[in-house]
Amino acid sequence: MLEDSIVIRLGGESGEGIVTIGDLLARLAGASGYWVYTLRSFPAEILGGHVMFQLRIGMETVRSVGDRIDALVALNQDGYDRHVDLLSADGIIIYNSDAATISPDETRRTLAVPLDKIASDIGVGSRAGKNMIAFGVIGRLLGFPRDIAESVVIRRLGKRKDLLEANLLGLRTGYEWAADNLPVVDDLRLPPTEPEGACKRMLVTGNQAIALGALAAGLKFYSGYPITPATDIMEFLAGELPRLGGTLIQAEDEIAALAMCIGASFSGARAMTATSGPGVALMTELLGLASMTEVPVVVVDVQRSGPSTGMPTKTAQSDLWMAVHGASDEGPRIVLAPTSVEDCFYQMINAFNMADRYQVPVIVLSEQALATRIETVPAWPLDKLTRLERVTPPPAQEGDEPYKRYKITENGISPMAIPGDPMHYYTAEGLEHTEFGAPSYDPENRRAMMEKRWRKMETAYQEYRTWPMMFRRFGAEKPDLGIICWGSVQGPVREALKRQLHKGRRVAAFVPKVLSPLPRDEIREFADSCKAILIPELNMRGQFADLLKSELGIDGYRLNKYEGIPFYTFEIEERIDRIYEELGLPEYEMEQEGAC
Amino acid sequence: MLEDSIVIRLGGESGEGIVTIGDLLARLAGASGYWVYTLRSFPAEILGGHVMFQLRIGMETVRSVGDRIDALVALNQDGYDRHVDLLSADGIIIYNSDAATISPDETRRTLAVPLDKIASDIGVGSRAGKNMIAFGVIGRLLGFPRDIAESVVIRRLGKRKDLLEANLLGLRTGYEWAADNLPVVDDLRLPPTEPEGACKRMLVTGNQAIALGALAAGLKFYSGYPITPATDIMEFLAGELPRLGGTLIQAEDEIAALAMCIGASFSGARAMTATSGPGVALMTELLGLASMTEVPVVVVDVQRSGPSTGMPTKTAQSDLWMAVHGASDEGPRIVLAPTSVEDCFYQMINAFNMADRYQVPVIVLSEQALATRIETVPAWPLDKLTRLERVTPPPAQEGDEPYKRYKITENGISPMAIPGDPMHYYTAEGLEHTEFGAPSYDPENRRAMMEKRWRKMETAYQEYRTWPMMFRRFGAEKPDLGIICWGSVQGPVREALKRQLHKGRRVAAFVPKVLSPLPRDEIREFADSCKAILIPELNMRGQFADLLKSELGIDGYRLNKYEGIPFYTFEIEERIDRIYEELGLPEYEMEQEGAC
Amino acid sequence: MTTATVRRRVSDYKSDVKPIWCPGCGNYAVLSALYRALADLNIPPEKVAIASGIGCSGRFPAFVRAYGFHGVHGRALPLATGIKLGNPELTVFAVGGDGDAFSIGGGHILHAARRNVDVTYIVMDNRIYGLTKGQPSPTSAQDMRTKASPYGTMESPMNPVATLLSYYATFVARGVSTDPRMIAELIKRAVQHPGFSFIHVVSPCVSFNDLYDMIKRRQTPIPPDHDVTDHDAAMDLTLDREHLYVGVFYQDDRPGYVEMLRRKFEPYISPDYTARTVIERFCVTPPNEG
Amino acid sequence: MTTATVRRRVSDYKSDVKPIWCPGCGNYAVLSALYRALADLNIPPEKVAIASGIGCSGRFPAFVRAYGFHGVHGRALPLATGIKLGNPELTVFAVGGDGDAFSIGGGHILHAARRNVDVTYIVMDNRIYGLTKGQPSPTSAQDMRTKASPYGTMESPMNPVATLLSYYATFVARGVSTDPRMIAELIKRAVQHPGFSFIHVVSPCVSFNDLYDMIKRRQTPIPPDHDVTDHDAAMDLTLDREHLYVGVFYQDDRPGYVEMLRRKFEPYISPDYTARTVIERFCVTPPNEG
Ligand SMILES: Cc1ncc(C[n+]2csc(CCOP(=O)(O)OP(=O)(O)O)c2C)c(N)n1
Ligand SMILES: Cc1ncc(C[n+]2csc(CCOP(=O)(O)OP(=O)(O)O)c2C)c(N)n1
Ligand code: SF4
Ligand code: SF4
Ligand SMILES: [Mg+2]
Ligand SMILES: [Mg+2]
């Protein structure tokens, strides 16, 4: 077990309800006052195929998938065969003894549950019934109260009274059967916690947090095209946005989607689209248009493994190059990367604020694993969110000079009129243009306009560096080794850090949320304070490491993983070990300095 | 005058034949044994507007536009007003005295030519007639033989007998009028040269050289979509490719264009498309597909100023980021940049060879100014061109194991079957795949495949570094200051170098033709041999400088120009001066070491 | 929407930017027709937005005193769709050339028609790529010789009006640049039409494809007895290769997208249902409060 | 083209890759029909190439023993066009779903039809996005509820056959997955057709949009007396909302693109005209040799 947490993995056939059981367990753990972090696989088959759902349940915020499995729940033979190698030496196997047999050489504890037989005994032969029994058995083994489990089921099925009874019967049967037939396994029980009051915590996926952040930011227009693993952002918003007075259109392709968003934003609405790498690739021409016409727009890229179609259900951090550089010539844009499910929400607030304030496209780089996992997050402080509005021109006076849409200003921001304003007509112009927006090829004007547009990036940096939580620093105060990372790699890095501190190593981490424009002084200062730098990321070529090198001259050790799987904490630690060895970095008396 | 060359600029209304006169003068100079390098502007108006056409005529290869104008030919008032500031202090003004008046403060030599009157005297009031008179006047002033001028006109109008007589009359009138009425201006005459035999030199534009290189490389399929400044590559090939047994399709958009090229290449044909930045932006998804399916394809990007529509007729070197990085995730591709009109041809030969050999997309970065200017180039040695073929699987034998399209090999290159081969069926697969091409999400396989694909880039580097002329080094042998540049910036840099050497400064330049994968050891070695590095380029953000920094750790002084105009030699020199001053670099006795 | 007293004139819609089109270009007729139609409809200029792609015709927005968006090649319609749905108060136009509309932008029209989005789309069809100086477009005649097709084109031309009819666009009309008054009338009807409207203007390019003669020879008013709700009859008119029919081919007055949205979602909208409501649904509620 | 004696069988076209489709998916019928048609036509597998985009149906090529290209979403047709023109000896198919074809790929069909390029395009229309698990497609019924349209879709569905007819595609047919034999017949005719051919297959998605009932209720063979060269009659058949007509709607045997190319350029092709000829034209020839 990894510090006060337990990792449970469920394996079975897709469609057998693995995901339902996992989801209910997550809710049960959440409602019982624990923190959850899930991981799931998506079968390559269109229907059927093997599915894995893993939960890590902890006493406090869980930050990574964990390393090894503490308990494996195998609903069929595959569920055992495929995952048993990851089970820790003192792990436990819980298996459907009607569908799987355990290797005779197995030395770890096993708990047989004749799931099919129990189900037929109470007359619920259906899949749903069996799932509920399994849910009950596991709930009991984990020591979660039955009444909370029942309330979770009631919340989920509240409106389907027809199904509710059978499901509750299955659940109770599971609890009872486990109480009667299985030992209490202490290793499966976390210490009790005090569940806090309602609305202090939420259980959401990264994609849900993105969608909720957008709604909280005042999203008014969404257009998107389905693509794994971003589709459910659109699906979720399709049910909510029109009820909140906004509009959602499933476009004919990604190009149309972004063009519509740019149009809607031009006419005053906060607008966004969400897609994955192949979709962003199609959008780059329009990203250039948004930079040039200075129209705010938010594009979420839920990264998946490529290139090309690649591995659509596998995670990656491999679109950074494209996000920062993917278009013809040089248009300013802002790139944000949320570091956790909780942070997805905040980065959407930032995204809309920065888009509006700096009149640029903002790309939010999420990741497949982050998007699809459920995390327990503290409820967001909805009353404390700030909204930055676009700078609009002041009401025109008689005798004003004609409206300069692209006025050259010191901070680069030109007041932007919203159609309907009777005094500030203009044409948003994709050709190089004068301050009035008229096409111009004049060399002086050109230089001034390029500089004005890019000045906004400097303004953005100078402003955001004063905002809270735009970059984070963890770990030792006077570090020997510094880790610089982005996105969801923050989770395993923080966990590794904690253990490294316990070992007496002075390791620290710096995590920017804004990847362009980078918080350059802060990163440099951090890097200068370390003897060596490690840059772990989920891609092959080291895109972030390259960026740090070209923009800030920072050279670091690299750790690249590109198999579509998030980092395990131990992988980060192993790399740290190697650097310590190579450089002979010092270890100190165990110390606790620095928060993780 | 800039070392044995003369710069003549013509200015007038578009449609007045400025371009015709300029083109004829280029041919006349070429046929008279001189070297030519032109520059022209494109009016923003759709018809009409001011046009400038400039020729630099030299005794040996001309490498840049030059600095100041030696002779200004103004066909109307605008032609005088707009350009007179660039005329050198001892320059000469030749002007149509029926359409322009010269400032009374003008102190430089002026030659009035009453063009309209001369024309009406001989009864050719037409525009074409006036142009021919102007051509004749200038031809005579420059001292080119009249018979060569006539042959140039005959070659151009050979098939239009109806026009020929009137044109020849105009030409002769021009020569005669100038002989009778104008002084011989020595400054306008270059020393005589010995015109070499037929076919030793050609007069071509960069776009023509691209098209001719493609034909010489065995192009079989072209699909493209019109876009300035790449359109005339397609227009030229439309007249030739089908006659050579190939096929050319004007596609419905750039996406279809590249998809067709990928399809044609898959079925065995050498295929290419040409476009500009906005088109490449639309193509990036398919570039990823070509990387992933390992299909050779050549994409020419004639760069223009952006972002977005930007300044379509203005030059830039601003798509390097996109060429190297613009797609989702990480697919290998090769990026080439020709350094002159002559080199456009060679880089197309390289492009097709490298695409076929390494089964990757190859992007050729040309530039608007390079594409549209006429240069005299030595005739290409058509008999000495090498053709690298795709590696195909050996004929299958009974009992062979099934064909592995994506076989993991040491150099990364997997033999590629061509449809029609009855023993090597396969599906080109955009999903991550096994060696057989079957979709696979297996982590081990994934890692092996990513590495295999990227290994080809290392193989490419190790191979091309042994080929001739894949990078060039000019200037001092033991340099104090090193310049690293790419594309057409080579021209002014070489010219600046020559002058710097004359000044006794040890300056050298390194110019890679391959920008990805960079000739890393060669560049590093060069950089290590210099005390400081200067990286001049035609963009704002320093894309190449960033690349050198992130890939090779090279930090240099930057010189960025982003007004859509090529470098003048003096701009490079001024920057060098500043670096010399800042660093106090030594100046030596004038020395001549190093070829430029 | 407008204060009752204002009566606007053509000059109220003219911007300071002088058109850069060649003298004689058919697009001037469309521009003056738009001024006229807007004045007749008396729409406040600030409530008008015009989106375009790239092309000679794409330069249109800058010449109108209104809000404009000169976007990228082929995306006028999705831009206009977004503008309309971002601010349904606006009267929104998409304008552009035949290449912009039917070649690179060809994938968007079907879907704008299916959505019946409240945008008036004016395509200035000169059967050529004007701005890039004369390559064939999807409407160019077969075997036409251009710089890009020196042996003549291989493709048969499309029929824009027939295509739009097959997409069930709810308003389909044609004008010709020789008759700006008629174009103005068509624009007025199109703007008043609920939902998507399409106006095909045959607009000569004097520099690369002068169609004035063809228009003179073939233009024919749609017969007054034509029933604009009769889709088959409309289709028949377009398939007639002799005549270039001018007028309204088809009109179906079903509600436009904005009205459909209103009808569908008005029942669900309430001040009690806010982003907060949605977010709080995700709270993990302890059982006693569940 | 093939050695006279070989007689191929269905099994000669089956690859080793097992389809990953859901049991009952309509695409199986199309796959077996293709095997059957290829065997009947006795085309050597190495002369067959199949291009697809992304979707459940896009997985098609791997299941056929032939050359395949599983490309990106929406680009099956331009890929197939390139494959055919890169090697005109091949029999080339493009295959894919309704989203791939009419949504993201919708801009390419008109132009493939205008070119009359010799490719057979089979669209497996399940009126849904299968692979991404159930969003509406351009052929989804109005008001259809899916995860992405929980209140029902707003758009009216397109009519693929009518659209292809309005594009003047030269071969337009429809099959249904309940009748693989018929699909095989249509494929054979399509392959033999010179130029572009389009087969619309109504192919149920058992997981997200089960159309078997609809097919059973509405499928009707095209009347035997239908004249396939009569475009108007074909259009009428498709506009009938009661019947789902199955068979060949329209066929026009004018030459395909490859044949047109041959006719146009054969007179110009000669061994004396080579790349060298073209290049040498640019030489600056001194006057005495000019
Ligand atoms: C992505 C992209 N591809 C190509 C172009 C070049 N381009 C500009 S306008 C145009 C076509 C113009 O033709 P049309 O749409 O008919 O407009 P017209 O000029 O005839 O009014 C093209 C190909 C571009 N600007 N962007
Ligand atoms: C550029 C891009 N956008 C979106 C996707 C996601 N995607 C894959 S298949 C598909 C649609 C599938 O529907 P359809 O074409 O009807 O095929 P079906 O699965 O129904 O056979 C989508 C949206 C993608 N792969 N690439
Ligand atoms: S080129 Fe043709 S379309 Fe363009 S402005 Fe001139 S006449 Fe009009
Ligand atoms: S999801 Fe639908 S279309 Fe896809 S394989 Fe299953 S049944 Fe077929
Ligand atoms: Mg046009
Ligand atoms: Mg489908």
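Remember, it's a predicted structure, so these values are computed and weren't measured experimentally. (Residues numbered from 1 in each chain as written. Chains lettered and ligands numbered in written order. Predicted model: local features only at pLDDT ≥ 70, side-chain atom pairs only at ≥ 80, totals over all residues. Heavy atoms only, no water.)

Examining the relation of the copies chain A and chain B
Relative to chain B, chain A is turned by 180° and slid 0.0 Å along the rotation axis, the superposed coordinates differing by an RMSD of 0.1 Å. Viewed as a symmetry operation, the transformation between the two copies matches a two-fold axis. Take the interface residues of chain A: 100% of them recur as interface residues in chain B, which is what a same-surface contact looks like. (Least-squares fit on C-alpha atoms with pLDDT ≥ 70 in both. Contact = heavy atoms within 4.5 Å.)

As for the interface of chain D and chain A
As a measure of interface size, the accessible area lost when the parts come together is often cited. Taken together, the contact pairs 24 residues of chain D with 21 residues of chain A. Summed over both partners, the interface of chain D with chain A buries about 1700 Å², with 58% contributed by carbon and sulfur atoms. By the criterion of area lost to chain A, the three top residues of chain D are Ile20, Ile104 and Tyr151 of chain D, representing 24% of everything that side buries. Our count for the contact surface shared by chain D and chain A stands at 0 salt bridges. For the pair chain D and chain A, the interface holds 7 residue pairs in polar contact (both at pLDDT 80 or more). Residue composition of the side of chain D that touches chain A, grouped by class: 13 nonpolar, 7 polar and 4 charged. (Buried area = accessible area lost by both parts, 1.4 Å probe. Salt bridge = Lys/Arg side-chain N within 4 Å of Asp/Glu carboxyl O. Polar contact = N/O pair within 3.5 Å; in protein donor to acceptor, adjacent residues only side chain to side chain. Nonpolar A, V, L, I, M, F, W, Y, C, P; charged D, E, K, R; others polar.)

Some details on the coordination of the magnesium ion (ligand 6)
Residue and element names in this part refer to chain D. In this structure, Asp98 (OD), Asn126 (OD1) and Ile128 (O) serve as the protein donors to the magnesium ion (ligand 6), at separations of 2.0 to 2.2 Å. Binding-site remark: the magnesium ion (ligand 6) is held by donors from one chain whose sequence spacing is D-x27-N-x1-I. Taking relative accessible area as the criterion, Asn126 reaches 9% and is therefore assigned buried. By relative accessible area, Ile128 is classed as buried at 2%. (Donors = N, O, S within 2.8 Å, 3.2 Å for Na, K, Ca; no water. Buried < 20%, exposed > 50% of the residue type's maximum accessible area, 1.4 Å probe, protein only.)

A short note on the packing of helix 14 (residues 443–464) of chain A against helix 16 (residues 520–528) of chain A
Residue and element names in this part refer to chain A. At a minimum axis distance of 9 Å, the contact between helix 14 and helix 16 shows a crossing angle of 60°. On the basis of their axis angle, the class for helix 14 and helix 16 is oblique. When helix 14 is examined against helix 16, the residues Glu458, Tyr461 and Gln462 are found in contact with a partner set consisting of Arg520, Asp521 and Glu522. When its residues are assigned to classes, the contact of helix 14 with helix 16 shows 1 nonpolar, 1 polar and 4 charged. (Axes fitted to C-alpha atoms, helices over the stretch in contact; angles between N-to-C directions. Helix = DSSP H or I, 4+ residues; strand = E, 2+ residues; numbered from the N terminus. Parallel < 35°, antiparallel > 145°, perpendicular 65-115°, else oblique.)

Considerations on the site of ligand 2
Of all residues adjacent to ligand 2, which total 22 residues, the nearest are Glu254 of chain A together with Cys56, Ser57, Asp98 and Asp100 of chain D. Those residues lying near ligand 2 are distributed over chains A, B and D. In this structure, Cys56 of chain D approaches ligand 2 through a main-chain N or O atom, which is 2.7 Å from an oxygen atom. The contact in question runs from an oxygen atom of ligand 2 to an N or O atom on the backbone of Gly130 of chain D, over 2.9 Å. Coverage of ligand 2 by the protein chains reaches 98% of its 580 Å² of free accessible surface. Here the shell around ligand 2 takes 4 residues from helix 3 (residues 98–104) of chain D, the largest share from any one element. Within the shell around ligand 2, the residues separate by chemical class into 10 nonpolar, 8 polar and 4 charged. (Near = heavy atom within 4 Å. Areas by Shrake-Rupley, 256 points an atom, 1.4 Å probe, with all protein chains shown as cover.)

A few points about the interface of chain A and chain B
Listed by partner, the interface residues are 58 residues for chain A and 58 residues for chain B. Where chain A abuts chain B, roughly 5200 Å² becomes buried across the two surfaces, and 62% of that area is made up of carbon and sulfur atoms. Taken as a group, Pro307, Glu330 and Tyr441 of chain A account for 14% of the area that chain A buries against chain B, more than any other trio of residues on that side. Inspection of the chain A/chain B interface yields 2 salt bridges. Counting the contacts that link chain A with chain B gives 28 residue pairs in polar contact (both at pLDDT 80 or more). Ranked by residue count, the leading element in the side of chain A that touches chain B is helix 10 (residues 277–293) of chain A, at 9 residues. Looking at side-chain class alone, the side of chain A that touches chain B contains 22 nonpolar, 21 polar and 15 charged residues.

Quick word on the coordination of the magnesium ion (ligand 5)
All names here are of chain C. Donor atoms from the polypeptide that bind the magnesium ion (ligand 5) are Asp98 (OD), Asn126 (OD1) and Ile128 (O), placed at 2.0 to 2.2 Å. Positions of the donor residues of the magnesium ion (ligand 5), expressed as sequence spacing, correspond to D-x27-N-x1-I. Side by side, Asn126 and Ile128 carry an identical accessibility label, which is buried.

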